[in-house]
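Fold and geometry: a report
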Amino acid sequence: MSSTVSSERETILQTLRDFCEAEIRPHVLEWDEAQQFPREAFRKLGELGFLGTIFPEEYGGAGLSIRDYAAIVEEVARVDGSVALALAAHTSLGSNHIYQFGNEAQRRRYMPKLTSGEWLAAWGLTEAEAGSDSGGTRTTAVKDGDSWVLNGSKNFITNASVGSVAVLMAVTDRTARRHGISSFIVELDNPGIRVGKKENKLGMRASDTCTLVMEDCRIPSGNLLGREGDGFINSMKILDGGRIGIASLAVGIARGAFEAALKYSQERRQFGKRICDFEGIQFYLAEMATQIDAARLLTERAASAKDSGQRVTRLSAMAKLFASEVAVQICDRAVQIHGGYGFIKDFPVEKFYRDVKLCTIGEGTSEIQKLVIAKDLLEEV
Ligand SMILES: Cc1cc2nc3c(=O)[nH]c(=O)nc-3n(C[C@H](O)[C@H](O)[C@H](O)COP(=O)(O)OP(=O)(O)OC[C@H]3O[C@@H](n4cnc5c(N)ncnc54)[C@H](O)[C@@H]3O)c2cc1C
């Protein structure tokens with residue numbers, strides 16, 4: 001796994017497709033109902049090299065491009081959004097923050113464990129009082145000799161109870177506001193940090209979403225990630241890349257739902273015809289296919305720009321906004337095409353419909369994406 005030419009990408013994707021069909025698809029509903037994180041599937045994804053795709057080989061990664069990564073997230077999401085969400089949070093949030101802003105000692109300590117999948121990473125910005133307004137972080141980190149002492153809690157953290165390490169944002173200088181937030185690497189077996197409430201969710205139920213609570217959590221001073229005061233700015237840069245992952249997640253879920261609806265429309269007969277022979281259903285199918293291609297093109301544009309080193313704030317927000325909003329519509333149409341059967345758990349569109357909503361919320365809601373895009377447009381004027 002080291003090249004990005006399209007034939008090699010196709011080989012990588014075929015390996016992943018085969019894995020998803022054999023190891024994930026048969027268990028999707030069972031994991032969803034039990035809200036069970038699929039540890040064994042993640043161990044195998046790690047063995048196959050899919051948990052460190054975008055990191056250099058010297059850290060155990062596969063050295064693939066962001067475009068490759070986007071295609072990988074899409075492929076997994078086409079089968080199970082929960083697995084794709086956990087993979088994306090591990091790769092483009094937790095691991096990437098350590099890789100992008102970690103010093104050499106931090107990279108050497110954490111990246112090989114993360115790229116192999118021996119450890120999963122979480123990433124915590126959101127708090128009860130600081131959601132869209134993440135600059136309103138209340139968790140504090142106070143320097144005490146050779147340690148930092150963290151107090152506070154982080155909400156809705158993906159991989160919180162199944163991960164081994166988290167990157168957490170905390171206030172180190174209240175007077176400096178956003179420039180007074182720093183990021184820290186916290187190992188999750190460290191005394192003083194514990195997993196709190198496990199969320200009982202509408203969708204993405206096999207992904208792990210919990211609160212992390214810090215009570216006098218003392219970590220070594222060397223676990224400051226990047227420069228003191230740069231944590232908020234750096235997390236916004238991490239989200240620029242992360243949003244490409246969420247756009248891909250949306251495209252993948254939409255594709256899974258569309259493929260199921262296309263197949264069903266060719267099998268289901270009413271009024272003596274296949275329902276795909278009705279023009280009303282054909283219009284749905286045509287619109288869904290067009291929306292998926294448009295969403296993927298925007299996502300690929302953002303990914304390619306990131307691969308060429310460009311700033312992608314606007315492009316990734318546009319991709320995430322468009323892909324997630326159309327994916328919600330596509331899953332709605334997919335259920336509609338199934339009629340009553342779309343409402344029943346025996347058919348996969350029921351779960352796609354529940355999972356997809358997260359895409360318009362996680363890593364910044366659609367409203368926040370619009371604010372990001374508008375700010376970028378106005379700064380250009
Ligand atoms: C399953 C799941 C997994 C998650 N994983 C993680 C994770 O791993 N790490 C992490 O840090 N966070 C994670 N999150 C948190 C997620 O990023 C936040 O839920 C999201 O950013 C929104 O914050 P909020 O829920 O507090 O909503 P709020 O900020 O309270 O928003 C409520 C509503 O108000 C709107 N709104 C807010 N401000 C404005 C404004 N200025 N203009 C217009 N509208 C506005 C919002 O768009 C939304 O519609 C996860 C969430 C979920 C549900």
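So, here's what we can say about the structure.

Definitions and cut-offs
Residues numbered from 1 in each chain as written. Predicted model: local features only at pLDDT ≥ 70, side-chain atom pairs only at ≥ 80, totals over all residues. Heavy atoms only, no water. Near = heavy atom within 4 Å. Polar contact = N/O pair within 3.5 Å; in protein donor to acceptor, adjacent residues only side chain to side chain. Areas by Shrake-Rupley, 256 points an atom, 1.4 Å probe, with all protein chains shown as cover. Helix = DSSP H or I, 4+ residues; strand = E, 2+ residues; numbered from the N terminus. Nonpolar A, V, L, I, M, F, W, Y, C, P; charged D, E, K, R; others polar. Salt bridge = Lys/Arg side-chain N within 4 Å of Asp/Glu carboxyl O. Buried < 20%, exposed > 50% of the residue type's maximum accessible area, 1.4 Å probe, protein only. Expected span 1.5 Å × (residues − 1). Contact = heavy atoms within 4.5 Å. Core = buried A, V, L, I, M, F, W, Y, C linked by side-chain atoms within 4.5 Å.

Around the ligand sit 18 residues in total, of which Thr 126, Ser 132, Phe 156, Thr 365 and Glu 367 are the nearest. One nitrogen or oxygen atom from the main chain of Phe 156 is found 2.8 Å from a nitrogen atom belonging to the ligand. Side-chain polar atom of Thr 365 to an oxygen atom of the ligand: 2.6 Å apart, as the coordinates give it. Relative to its unbound accessible surface of 980 Å², the ligand loses 64% to contact with the protein. Within the residue set of the shell around the ligand, elements represented by two or more residues are strand E1 (121-124), strand E3 (147-158) and helix H11 (366-380). Ranked by residues supplied to the shell around the ligand, first place goes to E3 with three residues. Of the residues that constitute the shell around the ligand, the class distribution is seven nonpolar, eight polar and three charged.

By the definition in use, this model includes 36 salt bridges. Salt-bridge contacts for Glu 10 lead to Arg 17; the nearest nitrogen and oxygen are separated by 3.0 Å. Assessed through its relative accessible area of 38%, Glu 10 is described here as partly exposed. Look at Arg 17 and you get buried, because its relative accessible area is 18%. When the shortest N-O distance is used, the salt bridge between Glu 199 and Lys 197 registers 2.9 Å. When its relative accessible area of 13% is taken as the criterion, Glu 199 is described as buried. A relative accessible area of 53% means that Lys 197 is categorised as exposed.

Further remarks concern helix H4 (residues 66-77). Taking 1.5 Å of rise per residue, twelve residues should cover 16 Å, and H4 covers 16 Å from first to last C-alpha, within 8% of that figure. Counted residue by residue, H4 has eleven buried out of twelve residues, so it is predominantly covered. Residues of H4 that are buried: Ile 66, Asp 68, Tyr 69, Ala 70, Ala 71, Ile 72, Val 73, Glu 74, Glu 75, Val 76 and Ala 77. Of the surrounding elements, those touching the buried residues of H4 are helix H1 (6-24), helix H5 (81-101), helix H7 (231-267), helix H8 (279-307) and helix H10 (349-355).

Let us now look at the side chain of Ser 183. Looking at where Ser 183 falls in the secondary structure, it is placed in strand E5 (residues 181-187). On the accessibility criterion, Ser 183 (0% relative accessible area) is buried. Polar contacts involving the side chain of Ser 183 include one to the side chain of His 97, which spans 3.4 Å. With residues up to four places along the chain from it excluded, the contact list for Ser 183 reads His 97, Val 167, Leu 168, Met 169, Asn 223, Leu 224, Leu 225 and Gly 231.

Membership of the largest hydrophobic core comes to 96 residues, with the highest contact counts inside it found for Phe 42, Leu 45, Leu 249 and Ile 253. Here the element with the most residues in this core is H7; it accounts for 16 residues. Ignoring any residue separated from it by four or fewer positions in sequence, one finds Leu 249 in contact with Val 73, Ala 77, Gly 81, Ala 84, Leu 85, Met 204 and Cys 359. The next biggest cluster of nonpolar side chains, apart from the first, holds 19 residues, and it includes Ala 160, Leu 188, Cys 210 and Cys 217.

From the geometry alone we can't say anything about function, so treat these as descriptive.
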